[in-house]
Amino acid sequence: MKMSMENAVKALDAINEKTKGLQCPMCQSRMFDLAPVELQIIGYDREKNDLNISFGDRVDFVSVISATCKNCGYTALFNLKKLGIIESEFNNSNNK
Ligand SMILES: [Zn+2]
């Protein structure tokens, strides 16, 4: 989901404030691309080795923004709730 430029700038400011500037843990580069897109990490119900993917039901998710190292491509994800960009972090079974 496309993010407003205002929220993308807020996210970048929050990341820079909290990390003192990104540095790649793989190659130590300090040059990153921040995609102005809200991504969802989705969790499905797992029963042993089976995933229960039913589209009529809710799924747990965490909203994140990604920052990709311009040198090696390592990608870091930042939780948008923790950055103060969005209100709710995930749906859970209590919301059904
Ligand atoms: Zn890197």
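In this text, all values refer to a predicted model and were calculated from it rather than measured experimentally.

A. Seen up close, the pairing of strand β5 (residues 60-69). Sheet topology note: the strand β1 (residues 32-34)/β5 ladder contains three bridges and is antiparallel. In the sheet register, L34 faces β5, and the bridge partner there is A67. Across five bridges, the pairing between strand β2 (residues 39-43) and β5 is antiparallel. When the sheet's bridge partners are listed, I41 is paired in β5 with V62. Sheet topology places β5 next to strand β6 (residues 75-79); five bridges connect them, and they run antiparallel. What sits directly across from A67, in β6, is A76. The turn linking β5 back onto β6 is made up of five residues, and G73 within it adopts a positive phi angle of 90°.

B. Local environment of the environment of I85. Relative to the elements of secondary structure, I85 occurs in the segment after β6. Note: C-alpha distance between I85 and A14 (71 residues apart in sequence) is 9.3 Å.

C. Local environment of the nonpolar core. Membership of the largest hydrophobic core is limited to 11 residues, which are A11, C24, F32, V64, I65, A67, C69, F78, L80, L83 and I85. The element contributing the most residues to this core is β5, with four residues.

D. Main features of the environment of S29. Assignment of secondary structure puts S29 in the loop between α1 (5-19) and β1. Of the residues examined, S29 has 14 C-beta atoms within 10 Å and is grouped as partly exposed. The contact partners of S29, leaving out residues within four places of it in the chain, are C24, C69, K70, N71 and C72.

E. Main features of unusual backbone geometry. Not every positive phi belongs to a glycine, and K20 is a case in point at roughly 60°. Topologically, K20 is positioned in the loop between α1 and β1. With 7 C-beta atoms counted inside 10 Å, the residue K20 sits in the exposed group. The residue K48 is not glycine, and still its phi comes out positive at about 55°. Within the element layout of this structure, K48 appears in the loop between β3 (45-47) and β4 (50-52). Taking the number of C-beta atoms within 10 Å as the measure of exposure, K48 has 4 and is therefore exposed.

What counts and what doesn't
Residues numbered from 1 in each chain as written. Predicted model: local features only at pLDDT ≥ 70, side-chain atom pairs only at ≥ 80, totals over all residues. Pairing = 2+ DSSP bridges. Helix = DSSP H or I, 4+ residues; strand = E, 2+ residues; numbered from the N terminus. Core = buried A, V, L, I, M, F, W, Y, C linked by C-beta atoms within 7 Å. Buried ≥ 20, exposed ≤ 12 C-beta atoms within 10 Å, placed from the backbone. Contact = placed C-beta atoms within 7 Å.

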